[in-house]
Structure formats: structure tokens, C-alpha cells
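Structural features, examined
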Amino acid sequence: MRGPVAPPQVPLSASRGEVFRDLVQDSVERLERRWPQLAEVDFVVLEVPGDLEESVPLGTAVPAAKGRPAQIVVYRRPVEIRTKNRDERALLVHEVVVEQVAELLGLAPESVDPRYGQD
């Protein structure tokens, strides 16, 4: 029998990319309650970074430029490779988002989220 395992309305049918984007969105929503200015920042999920250096980044913060809002990018594949399950992935995604927000705002990650590094 070939075809979808579950109907589209069931969570099983969400792709890994969609699930990952949901994790990023959950993290952003948690932080926006404390930092309303994040509503002006674009949060983007990309598969992998374009320019690979010696180490592979998990995320990047890009400051605002003329006519373009600030942007935070989370790289899906590097995060997935470093985690074993959804819970670990959710924790790592949140840490990456917090670190990039901290870099963008010029703050320590602990200032952005007091629970940073405690999980």
C-alpha cells in the first residue's frame, strides 16, 4: 500500500521542515512576550549556511540595513544533526534563537532569557 501514512490534518503529516519552523516560532513567541521589539525582526529557517567556514554555525544574526529589517536565521540541518529527539531539538533551537537575539540586541543571553543554559 502506497500513500500517506496519516491524513493531512493529523500532526504526523507535518514535514521535518514544518516541525522545525514550529519550534523556531514557539521560541520566538516566548521571547516576544518579554522583548516586544522582536516583532520587527524577521526570523528565517534555512537548511544549511551558504558559506561554510571551519565550524558550521547553528544560527546567524543580521542587523537591520537600509530598507531591510534585522534578521535572525536558524539553520535546520546543523541543529538536527546535533540532537537525538524532538525535546533536545526544541531546547537547542531555543538556545540558538536566544543567542542570536542577544547578539542582535547587544546583550548577554541570560538577559534575553533568564532560563538560558539551565535546561
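First, a word on scope: everything that follows refers to the structure included in this document.

Criteria and thresholds
Residues numbered from 1 in each chain as written. Predicted model: local features only at pLDDT ≥ 70, side-chain atom pairs only at ≥ 80, totals over all residues. Heavy atoms only, no water. Helix = DSSP H or I, 4+ residues; strand = E, 2+ residues; numbered from the N terminus. Buried < 20%, exposed > 50% of the residue type's maximum accessible area, 1.4 Å probe, protein only. Polar contact = N/O pair within 3.5 Å; in protein donor to acceptor, adjacent residues only side chain to side chain. Contact = heavy atoms within 4.5 Å. 1 Å grid on protein atoms, 1.4 Å probe; cavity = no way out; pocket = protein on both sides within 12 Å on 5 of 7 lines; lining within 4 Å. Points joined across faces, edges and corners; volume = space filled by probe spheres on them. Nonpolar A, V, L, I, M, F, W, Y, C, P; charged D, E, K, R; others polar. Pairing = 2+ DSSP bridges.

**Some details on the environment of Leu91**
Structurally, Leu91 is set in helix 3 (residues 86-105). Classification of Leu91 as partly exposed rests on a relative accessible area of 39%. C-alpha of Leu91 to C-alpha of Tyr116: the two residues are 25 residues apart in sequence and 9.7 Å apart in space.

**So, the side chain of Glu80**
Within the fold, Glu80 resides in helix 2 (residues 76-81). Using a relative accessible area of 10% as the deciding quantity, one classes Glu80 as buried. Here the side chain of Glu80 touches Arg76 through a polar contact of 2.8 Å, side chain to side chain. Apart from the residues lying within four places of it in its own chain, the contact partners of Glu80 are Arg16, Phe20 and Arg89.

**A closer look at the layout of surface pockets**
Of the voids in this model, the largest pocket is the one considered here, and its volume is about 200 Å³. If one sorts the elements of the lining of the largest pocket by residue count, helix 3 sits on top with seven residues. In the lining of the largest pocket, the residues fall into six nonpolar, three polar and seven charged.

**Examining the environment of Arg33**
Tracing the backbone through its elements, the reader meets Arg33 in helix 1 (residues 16-34). Reaching out from Arg33, the side chain makes a polar contact with the backbone oxygen of Glu29 at a distance of 3.4 Å.

**Here's the deal with the pairing of strand 3 (residues 71-75)**
Across the five residues of strand 3, four count as buried, placing the element largely inside the fold. Taken together, the five bridges between strand 1 (residues 42-46) and strand 3 define a ladder with parallel strand orientation. Its bridge partner lying in strand 3, Leu46 is registered against Tyr75. Direction of pairing for strand 2 (residues 59-62) relative to strand 3: antiparallel, over a ladder of four bridges. Bridge pairing in strand 3 links Thr60 to Val73.

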